Structures are given as structure tokens and as C-alpha cells.
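# Coordinates in review
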Amino acid sequence: MKGSLRSRLTLSIAAVALVLIAIISSLSSYFINQQFKSYITKQQVSTLNEIVYSLGQQYNPDTQMWNVDYVHTIGMYALYDGYIIKVYNDSDQTVWDAEIWDMSVCVQIKEDITHQMLTKFPGTSGKFSDSDFSIELMGNQIGRVNVTYFGPYFYSDNDFDFLNQLSSILLIVGAISLLVSIILGSLIAKRISSPILKTINATSQISQGDYKIRIKDRSNLSEVDNLIESVNQLASSLDKQDNLKKQLTSDVAHELRTPLTTLRITIEAMLDGIIEPSPERLKSSYEEVLRITNIVKDLESLAILEDGNLKLDKTKVDLVDLAKQVVKKLEHQIHEKEMVVTIKGECESLSVDESRMTQVMINLLTNAIKYTQAHGNITIEFDETIDDVMVKVSDNGSGISADELPYIFERFYRADKSRNRSTGGSGIGLTIVKSIIEAHKGDIQVESEVGVGSSFIVVLPK
Ligand code: ADP
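The shown structure was predicted, so the numbers you read here are calculated from the model rather than taken from an experiment. (Residues numbered from 1 in each chain as written. Predicted model: local features only at pLDDT ≥ 70, side-chain atom pairs only at ≥ 80, totals over all residues. Heavy atoms only, no water.)

Looking only at helices and strands, one finds 12 helices and 13 strands in the protein. In terms of overall dimensions, the protein has C-alpha extents of about 160 × 55 × 35 Å along its principal axes. In the protein, buried positions account for 36% of the 462 residues. Accessible surface computed for the protein: about 27600 Å², of which carbon and sulfur atoms make up 56%. (Helix = DSSP H or I, 4+ residues; strand = E, 2+ residues; numbered from the N terminus. Buried < 20%, exposed > 50% of the residue type's maximum accessible area, 1.4 Å probe, protein only. Areas by Shrake-Rupley, 256 points an atom, 1.4 Å probe, with all protein chains shown as cover.)

This is the structure:
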């Protein structure tokens, strides 16, 4: 059966409280009864001693006479307390006997006490029995008293009242505790469930496309706070993705519009006979088409790389070897600009996706060639620590200004736009590099100074 978190929590807290209160009440009731029983038992002994002592005081050793009136008073008090006494002198003659005085009261008291004790304690082994106690005065026995009473202990009406009142108090305390725990439980449950409910509302709004929503409430539970934090992060990353998607669409449109417009105008002019379709014009149109093709190709690679499920086809690769092969591939461009490429250092083979790592090297090297003047120097340096392998691609080219440096890995970002138009970059190359490195759980950093050169440092975990 499904129930709300709040009602479940309240019920659970109340159930725990109920069980605890029941245990505490039963235990305290049990121990109070035990203590009371032992108190009453001791009380009975002291009452008996008191009866015997006060009877002793009613004997006059000079006249050797008993003060029967007082013996009668003591006997009557004892009788109403549940003790039926018979007093004998030292010659065993009766001085006073409760049963002779009032048999019916004696029977009545016996019946009342037996009935009450058996009703309240059905399993009790107690019963009426009699015992003899010698009455002494100054060390001499002056008689004896035979006492019939309910042993080993019995409760008077007052005692029963006291026990009943105690039970009622325990019951009231239990009921108040239960009520308080339900109220407290409900408050605690509200404190716990309220941020969770807000989180549920927020996630439902997020699922409907409201990525701007953030949960500001905090609870005092770390798990709930983590949940809130995760949902906020989810919302913010969805928001970022959403913005990126919109940005990408407009960027792609913008990037394609310029070469397409140039192409359209040129072809229209050729069709209208305004200009001749000369080989140079066709070549320049062909280059525009090539540019568009490159942008689309780059976008395709990026789309694959940015897919969360990108699968890397990893094999053990010697990165120094890979760098040498890339330099060979780009030999033509390097020779054209009469540049010097040096490969330094070494590192152990790494488990990487070879074709994607080749792409990284091609992009970094192509950039170094593109943004370095003729006769420039390019260095590919390898180094390693216990955990990582470092590849540093440096050039002594144009460099990148500090305010543009943070953006060069963003898609379509081109530093110094006017210059780059001539180099034909789309601004996606470094975005692809970063995606590949991150897919390998690595990192890429850049150091650059305008007019001095740039270094791209790739760190890959072993
Ligand atoms: P592009 O296709 O324009 O080269 P990239 O993403 O590869 O796009 O690079 C982004 C920008 O970073 C480039 O437009 C360029 O301004 C700058 N850049 C990249 N590498 C270098 C480098 N080695 N030297 C100077 N600038 C560079």
C-alpha cells in the first residue's frame, strides 16, 4: 500500500513511541508493584511488632492485671486493620479474643480480605493463617498473642486505591507522551518531507522544460541536501545544454550563411553573364564549398564525440610514434612554410583510441602550422609522471591574447576573426580536441603570449 512520506514517517515515529511507552509503562508498573509488595510485607512485620509491644504495655506487673479496656481498643484497631487477635495471660487464660467479642465482624473481615486479594491477585498463594507471638515486659514473658492474618502480605483498601491511582497516572503519562510524540513526529516528518516534496515539484517542472528553476530550501539532512544539490545541478546542466543547443543552431546558421551567400552571389553573377566563369572564380567557389564541407564534417565529428555514449576503441599506442606519423602526414604543409618540427622526450605506450588521438595531434599541429609564420619552429614534447603522460605542442607563432584564451575551446570560437578568415578555420578544431581528451579522462591546458607563441599541454592518465 502506498502512502505519503509524511504520513508514513509520522506513523512510524508514533509506532516506535507507542512500543517504547508500552515497555516503559509495563516495566515501571511491574517494578512499582514489586517494591510496594516488599514494602507492605515489611509493614506487616512492623504492625505485628507494634501490636505485641502495645499489648505488653497494658499489663501491670504490680497488680499482675491486664488493662482489658485498652487491650480491647488495641484488638479492635487491629481487627479493622485485618489482624484478628487472641490475647492470653501467662497461665494461658484468655484476656481478650476478637472472635468472642464479635465473631461476625471477624468472619466478614476474613471474607473481604480473601475476596479482594483473590480478585486482584488470582494466582496468589496467600491465605489466612495464625501465628503466636510471646508478649514480654522487661524481659519476662507475661503472655502470648495469637494473630490470624492474611500472609505473607495483603493490601488494605487504601493500598488498593494507591495502586489504582498510580496505574491511572501511568496511563495518563503514557497517553500524553503518545500525543506529544505524534505531534513531534508529524513536525519532524514535515521538516523531512517538505524539501523532498519541493524537489519532486521542481523535477516535475524540469521535466516540463522549465530549466531555470532552482530549489533554494535546505534541510538539516545531508542526503536530502545532496538530492537538492543534484537536482539543481541537473537543472543547471539541462539549462546549459538547452542554451548550447540554441546557440549551436544559430552559430551553424551563421557559419554557413557567409560562404553560401558568397557562392550564391558568384554563381548568380556568372549565370547573369555579369562575370565570366574563369578558372580562378571557379577555384574560389570550390574553396567555399570545401569550407562548408569541412564545417559540416567537423560538426559531424563533434556530434559523435559529444554523444554521452561515445565508445572509445582503445589499444596500446606509442604516442611518440603517432606524433611522427602525423608530422609525416602534414609534411607538405610543413615544407611549404619551411618550418622545423622537433619531437623530444619519450613516454610509455598508453591505452587510447588511436584514430581519435591522431585527430587530436592533427588538429594541434595544423593549428601550430596555421598560426605560425614561415620558418617558424614547432616542438612536440613528451614527458611522464607515475600517473600521467604529458604531450606539449609548442610553436613560436602569433600567440593568443589573454582575454581570448578562455574561449578558444568553445565551438566556432576564433580568436582574431579577421586574421582567421584567411586561414580558413571553422573554430571547431580545439572543441573536438578537448572532447576527445575528456573522453579519455584527460585534460588540456594552453599557455600563450601574443607575438611569442603558444603551447598546448595535453595530460592523459596512464
Ligand atoms: P580554427 O579552425 O579556427 O583553427 P580551433 O578551434 O582549432 O579553430 O582554434 C580556435 C582558435 O584558437 C583559432 O581560431 C585561433 O585563433 C586560436 N588558436 C588555436 N591554436 C593556435 C595556435 N597554435 N596559435 C595561435 N592561435 C591559435
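Picking up where we left off.
Looking now at the sheet that holds strand β4 (residues 94–97). Read across the open sheet, the four strands follow the order β4-β3-β6-β5; overall the sheet is antiparallel. The sheet terminates laterally at β4 and β5 (127–137), the two strands that pair on one side only. Between one strand axis and the next, the sheet turns by 15° as a mean value, whatever way the strands run. Direction of pairing for strand β3 (residues 84–89) relative to strand β6 (residues 140–151): antiparallel, over a ladder of six bridges. Within β6, the residue paired with Tyr88 across the bridge is Arg144. Sitting on the sheet, helix α2 (residues 68–80) is in contact with β3 and β4, with an inclination near 35° to β4. (Pairing = 2+ DSSP bridges. Axes fitted to C-alpha atoms, helices over the stretch in contact; angles between N-to-C directions. Contact = heavy atoms within 4.5 Å.)

With that settled, the discussion passes to a negative patch on the surface. A grouping of Glu111, Asp112, Asp157 and Asp161 is seen on the molecular surface, where their side chains present a negatively charged patch. For the negative patch, the secondary structure elements donating two or more residues are α4 (103–120) and α5 (157–207). In this structure Asp161 comes out as partly exposed when scored by relative accessible area, which is 43%. (Patch = residues over 30% accessible without salt bridge, like charges linked within 9 Å, V, L, I, M, F, W, Y side chains within 5 Å. Salt bridge = Lys/Arg side-chain N within 4 Å of Asp/Glu carboxyl O. Lys, Arg positive; Asp, Glu negative; His and termini not counted. Charge placed at Lys NZ, Arg CZ, Asp CG, Glu CD.)

Along the chain, Asn89 turns up in strand β3. Using a relative accessible area of 15% as the deciding quantity, one classes Asn89 as buried. In terms of polar contacts, Asn89 uses its side chain to reach the backbone amide nitrogen of Gln93, at 2.8 Å. (Polar contact = N/O pair within 3.5 Å; in protein donor to acceptor, adjacent residues only side chain to side chain.)

Before going further, it helps to examine the pairing of β5. Taken together, the 11 bridges between β5 and β6 define a ladder with antiparallel strand orientation. Across the sheet, the residue bridging to Ser134 is Arg144, located in β6. Connecting the antiparallel pair β5 and β6 is a turn made up of two residues, with Met138 showing a positive phi of about 50°.

This next bit is on the site of the ligand. Neighbouring the ligand are 22 residues, the closest being Asn367, Tyr371, Asp395, Ser426 and Leu430. At 2.8 Å, a side-chain N or O of Asn367 approaches an oxygen atom of the ligand. At 3.1 Å, a backbone N or O of Gly427 approaches an oxygen atom of the ligand. Relative to its unbound accessible surface of 530 Å², the ligand loses 98% to contact with the protein. Among the elements of the structure, α10 (354–370), α11 (417–423), α12 (429–439) and β13 (453–461) are those that each provide at least two residues to the shell around the ligand. Taken together, the residues of the shell around the ligand sort by class into nine nonpolar, nine polar and four charged. (Near = heavy atom within 4 Å. Nonpolar A, V, L, I, M, F, W, Y, C, P; charged D, E, K, R; others polar.)

Taking 1.5 Å of rise per residue, the 50 residues of helix α6 (residues 222–271) would be expected to cover 74 Å, and the 71 Å separating its terminal C-alpha atoms lies within 8% of that figure. In the structure, α6 departs most strongly from a straight axis at Arg257, where the bend amounts to approximately 30° and where the proline Pro259 lies between one and four residues downstream. One or two steps after α6, the chain reaches Gly273, where phi turns positive at roughly 75°. (Expected span 1.5 Å × (residues − 1). Bend = angle between axes of the 7 residues up to and from the residue.)

Turning our eyes to something else, we now look at the environment of Leu305. Relative to the elements of secondary structure, Leu305 occurs in helix α7 (residues 279–306). Setting aside its immediate chain neighbours within four residues, Leu305 contacts Leu310, Arg356, Ile432, Ser435 and Ile436.

For the bond running from Gly151 to Pro152, omega is 0°, close enough to zero to count as cis. By the element assignment, Pro152 lies in the loop between β6 and α5. The phi dihedral of Asp92 is positive, around 65°, even though this residue is not glycine. Mapped onto the secondary structure, Asp92 falls in the loop between β3 and β4.

The next subject is a nonpolar patch on the surface. A surface patch of nonpolar side chains, about 750 Å² in accessible area, is lined by Ile172, Ile176, Leu179, Val180, Ile183, Leu184, Leu187 and Ile188. Residue placement: Leu179 occurs in helix α5. The exposure class assigned to Leu179 is exposed, which follows from its relative accessible area of 54%.

Its location among the elements puts Thr249 in helix α6. In this structure the C-alpha to C-alpha distance between Thr249 and Asn60, which are 189 residues apart in sequence, comes to 125 Å. A polar contact is formed between the side chain of Thr249 and the backbone oxygen of Lys245, at a distance of 2.7 Å.

To continue, consider the domain arrangement of the protein. Interfaces are often sized by the accessible area lost when the parts come together. Each assigned domain of the protein is listed here: domain 1 (5–172) and domain 2 (310–461). Measuring from the centre of the C-alpha atoms in domain 1 to the corresponding centre in domain 2 gives 103 Å. (Domains from an automatic or database assignment.)

This part covers the packing of aromatic side chains. Here the structure, examined in full by the defined rule, presents 13 aromatic pairs. Here the aromatic rings of Tyr30 and Phe31 are separated by 5.3 Å at their centres, their planes lie at 70°, and the arrangement is edge-to-face. Using a relative accessible area of 49% as the deciding quantity, one classes Phe31 as partly exposed. On the numbers, 5.4 Å between centres and 75° between planes, the contact of Phe121 with Tyr155 is edge-to-face. Placement of the pair is Phe121 in the loop between α4 and β5 and Tyr155 in the loop between β6 and α5, with a sequence separation of 34 residues. (Phe/Tyr/Trp six-rings, centres within 6.5 Å; stacked < 30°, edge-to-face > 60°.)

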